[in-house]
Amino acid sequence: MKIKAVHSIKGVSKSLNSLLIDSVASGASIGFIAPLSLQSAHDYWQGVDGDLATPYRRLYLALDGDTVIGSVQLSLCAKANGAHRGEVEKLMVHSEHQGKGIAKQLMNSLETDARILGIQLLVLDTRQGDTASYLYRKLDYIEAGTIPGFAKSSSGEFDATVYFYKQVA
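These numbers come from a predicted model, not from an experiment.

Participant: If you had to explain the sheet that holds strand β5 (residues 121–127) to someone new, which residues and values would you point to?
Facilitator: Strand order in this open sheet of 7 strands is β1-β2-β3-β4-β5-β7-β6, and the pairing throughout is mixed. Either end of the sheet is taken by a strand with one partner, and the two such strands are β1 (2–6) and β6 (142–152). Strand-to-strand twist of the sheet, defined as the mean angle between neighbouring strand axes without regard to direction, takes the value 25°. Note that strand β4 (residues 85–93) and β5 share 3 bridges and pair parallel. Within β5, the position partnered with Arg85 by the bridge is Leu121. Most of the contacts of helix α1 (residues 13–25) go to strand β3 (residues 67–76), to which it runs at about 85°, and overall it touches β2 (57–64), β3 and β4. Sitting on the sheet, helix α4 (residues 131–138) is in contact with β4, β5, β6 and β7 (158–167), with an inclination near 155° to β5.

Right, here's the structure in full:
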């Protein structure tokens, strides 16, 4: 397994579709409701691919051979007063590969690149009680607060989200 930053999804789009569909089906709160269609997954990744052509989006992949088994994104702020910060988005690890430290490796790669890019502050949010929140705490992210009823789950309930930050410079 290797971690790689990519500037295009060419050659891995099918793998990315599978990763996203699996993550949503497994209950990840990443902006989608299960069941996620292949077309919706494809449309999402096409949008990300377009964003990768700008200086404001980075995509990190965990690869097992040519197969994507995990990913995370770094969204950089385009505003003059926010050029020092980035947002961690959509950390995913395929359900068959969870518990192997892949998410931690993805986050470490993202943080290393953030420092190289001059990013001083990373922010993120996750559903309250999600496994990811434990990972973020282990990686020294600080809980900033909770917003109740923030995101609708696939079951139709409204879940709270927890915001975290980390100063990386």
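Participant: Describe the environment of Gly70, and please don't skip the residues or the numbers.
Facilitator: As for its position among the elements, Gly70 is in strand β3. Expressed as a C-alpha distance, the spacing of Gly70 and Ser155, which sit 85 residues apart in the sequence, is 24 Å. Excluding residues that lie within four positions of it along the chain, Gly70 makes contacts with Leu19, Tyr60, Leu61, Ala62, Met92, Val93 and Leu106.

Participant: Pulling in residues and values, what's your account of the packing of aromatic side chains?
Facilitator: Aromatic ring pairs: the centre-centre distance and the angle between the two ring planes describe each pair. Scanning the entire structure with this criterion turns up 5 aromatic pairs. Measuring from ring centre to ring centre gives 5.3 Å for Phe32 and Tyr44, while their planes differ by 85°; the resulting arrangement is edge-to-face. Residue Phe32 is found in the loop between α1 and α2 (38–52), and its partner Tyr44 is found in helix α2; the two are separated by 12 residues along the sequence. The residues Phe32 and Tyr44 share a single accessibility class, namely buried. When the centroid spacing of 5.9 Å and the interplanar angle of 55° are considered together, the rings of Tyr136 and Phe164 count as tilted. Here Phe164 lies in strand β7 and Tyr136 lies in helix α4, a separation of 28 residues in the sequence. With respect to class, Tyr136 is no different from Phe164; both count as buried. One aromatic cluster in this structure is built from Phe32, Tyr44 and Trp45.

Participant: Before we move on, could you go through unusual backbone geometry and cite the residues and values that matter?
Facilitator: Put simply, Ala34 and Pro35 share a cis peptide bond, and its omega is -5°. Mapped onto the elements, Pro35 comes out in the loop between α1 and α2. In this model, Lys90 sits at a positive phi of 50°, which is unusual for a non-glycine residue. One can find Lys90 in strand β4. In the Ramachandran plot, Asp140 falls in the positive-phi region, its phi being about 70° despite a non-glycine side chain. Along the chain, Asp140 falls in the loop between α4 and β6.

The rules behind each value
Residues numbered from 1 in each chain as written. Predicted model: local features only at pLDDT ≥ 70, side-chain atom pairs only at ≥ 80, totals over all residues. Heavy atoms only, no water. Pairing = 2+ DSSP bridges. Helix = DSSP H or I, 4+ residues; strand = E, 2+ residues; numbered from the N terminus. Axes fitted to C-alpha atoms, helices over the stretch in contact; angles between N-to-C directions. Contact = heavy atoms within 4.5 Å. Phe/Tyr/Trp six-rings, centres within 6.5 Å; stacked < 30°, edge-to-face > 60°. Buried < 20%, exposed > 50% of the residue type's maximum accessible area, 1.4 Å probe, protein only.

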